[in-house]
Amino acid sequence: METRFTRGKSAILERSLAKLFSEMVQYCQSQVYSASGVLCVGLLDVLDVLVLREEWKRETKVLNILLFIKVSVWRALFGKDKLDGFPAKATVHRHKGTTLMIKFDEAVIARDKALEGR
Amino acid sequence: MSRQSNRTTDGKKMNSELFTLTYGALVTQLCKDYENDEEVNKQLDKMGYNIGVRLIEDFLARSSIGRCQDFRETADVIAKVAFKMYLGITPSVTNWSPAGDELSLILESNPLVDFVELPDNHSSLVYSNLLCGVLRGALEMVQMAVDVKFAQDTLRGDNVTEIRMKFIKRMEENLPAGDE
């Protein structure tokens, strides 16, 4: 009973997280926040807490969550399901904390710059 | 077998922690970007509003709720369906004003504030103000102008978290001339 409740609630929050994250990305963009070509998601506190409480082998799960968020974010921003042609890599770097980096291929950046210049 | 399901539960629990921590990261970033708490509160309300105006469509599609007859019904739907659908909690609806245009939503728990403490130098910060914006934005999309604010906040030492919602007016739908 408890497991079912926990599972249900987490699925709910995962969806709400995607909506929240989408808004955060738009805010960051409005603040001219993101460096050219690379969307850096600094989740220092998030991962550190998670690492302390769980083992680091959970890492891939976090990546999966972030990739899920990325999917929802792009869908929310651009309204299209053009993710197949959206080559990107999500990686984790640990240096003075933890940074997750979602790196888009050059073609995507070039297209994005072209749109911006419009 | 039970050990495996524990793992699943832990993995899923991590999602709700991620939600709480992400919201915390947002508030922290806003505190850095804006020097004072009032500005942060305003920004949270604005972002919430942006989320709310989009959320209402998602809500109506997923809940198949028809048009509410009055503000009382609206409040019930918000508390029992909407909050449940997006935050997994069900606040109680109380403290109706005599005119029936103002009510309180009492939140027993709030996933946004799990493990959160407000530092002393942010005593005017309304940490969960995003929620007020969401409600305002969503209701505006169904032609209801409301004023939403936190009346009590456990983060600021109150016993409960209370959102006070006041109906201002019904907004005119833009009908073409000649229609009833």
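What counts as what
Residues numbered from 1 in each chain as written. Chains lettered and ligands numbered in written order. Predicted model: local features only at pLDDT ≥ 70, side-chain atom pairs only at ≥ 80, totals over all residues. Heavy atoms only, no water. Helix = DSSP H or I, 4+ residues; strand = E, 2+ residues; numbered from the N terminus. Contact = heavy atoms within 4.5 Å. Expected span 1.5 Å × (residues − 1). Buried < 20%, exposed > 50% of the residue type's maximum accessible area, 1.4 Å probe, protein only. Axes fitted to C-alpha atoms, helices over the stretch in contact; angles between N-to-C directions. Parallel < 35°, antiparallel > 145°, perpendicular 65-115°, else oblique. Left-handed = near helix turned anticlockwise from the far one by under 90°. Nonpolar A, V, L, I, M, F, W, Y, C, P; charged D, E, K, R; others polar. Pairing = 2+ DSSP bridges.

Caption draft 1: Quick look at the environment of Pro 91 of chain B. With respect to the helices, strands and loops of the structure, Pro 91 of chain B is situated in the loop between helix 3 (71–87) and strand 1 (92–94). The residues touching Pro 91 of chain B, leaving out its near neighbours within four places in the chain, are Ala 79, Phe 83, Leu 105, Ile 106 and Leu 107 of chain B.

Caption draft 2: Main features of helix 4 (residues 129–140) of chain B. All names here are of chain B. A rise of 1.5 Å per residue sets the reference length of helix 4, with its twelve residues, at 16 Å; its end C-alpha atoms lie 17 Å apart and thus fit the reference within 8%. Counted residue by residue, helix 4 has ten buried out of twelve residues, so it is predominantly covered. Every buried residue belonging to helix 4 is among Asn 129, Leu 130, Leu 131, Cys 132, Gly 133, Val 134, Leu 135, Gly 137, Ala 138 and Leu 139, and all of these are buried.

Caption draft 3: A look at the packing of helix 3 of chain B against helix 4 of chain B. Residue and element names in this part refer to chain B. Interhelical geometry of helix 3 versus helix 4 gives an angle of 120° and a closest axis separation of 13 Å. With respect to helix 4, the element helix 3 is oriented oblique. Helix 3 and helix 4 meet at a crossing whose hand is right-handed. Every residue of helix 4 that contacts helix 3 at Thr 74, Ile 78, Phe 83 and Leu 87 is listed here: Leu 131, Leu 135 and Leu 139. Split into classes, the residues belonging to the contact of helix 3 with helix 4 amount to six nonpolar, one polar and no charged.

Caption draft 4: Seen up close, the sheet that holds strand 1 of chain B. Residue and element names in this part refer to chain B. Here four strands make up an open sheet; going across it, the order is 1-2-4-3 and the pairing antiparallel. Either end of the sheet is taken by a strand with one partner, and the two such strands are strand 1 and strand 3 (144–152). Neighbour-to-neighbour, the strand axes of the sheet open up by a mean angle of 30°, direction not taken into account. Note that strand 1 and strand 2 (residues 102–107) share three bridges and pair antiparallel. Bridge pairing in strand 2 places Val 93 opposite Leu 105. Contacts from helix 4 reach strand 2, strand 3 and strand 4 (161–170), with the element oriented near 165° to strand 3.

Caption draft 5: Examining unusual backbone geometry more closely. Residues and elements named next belong to chain B. One non-glycine residue, Ser 64, lies in the positive phi region at around 50°. By the secondary structure assignment, Ser 64 is in the loop between helix 2 (37–63) and helix 3. According to the relative accessible area criterion, Ser 64 is exposed, its value standing at 64%. Residues other than glycine seldom take positive phi values, yet Phe 115 does so here, at roughly 65°. Within the fold, Phe 115 resides in the loop between strand 2 and helix 4. The exposure class of Phe 115 is exposed, given its relative accessible area of 71%.

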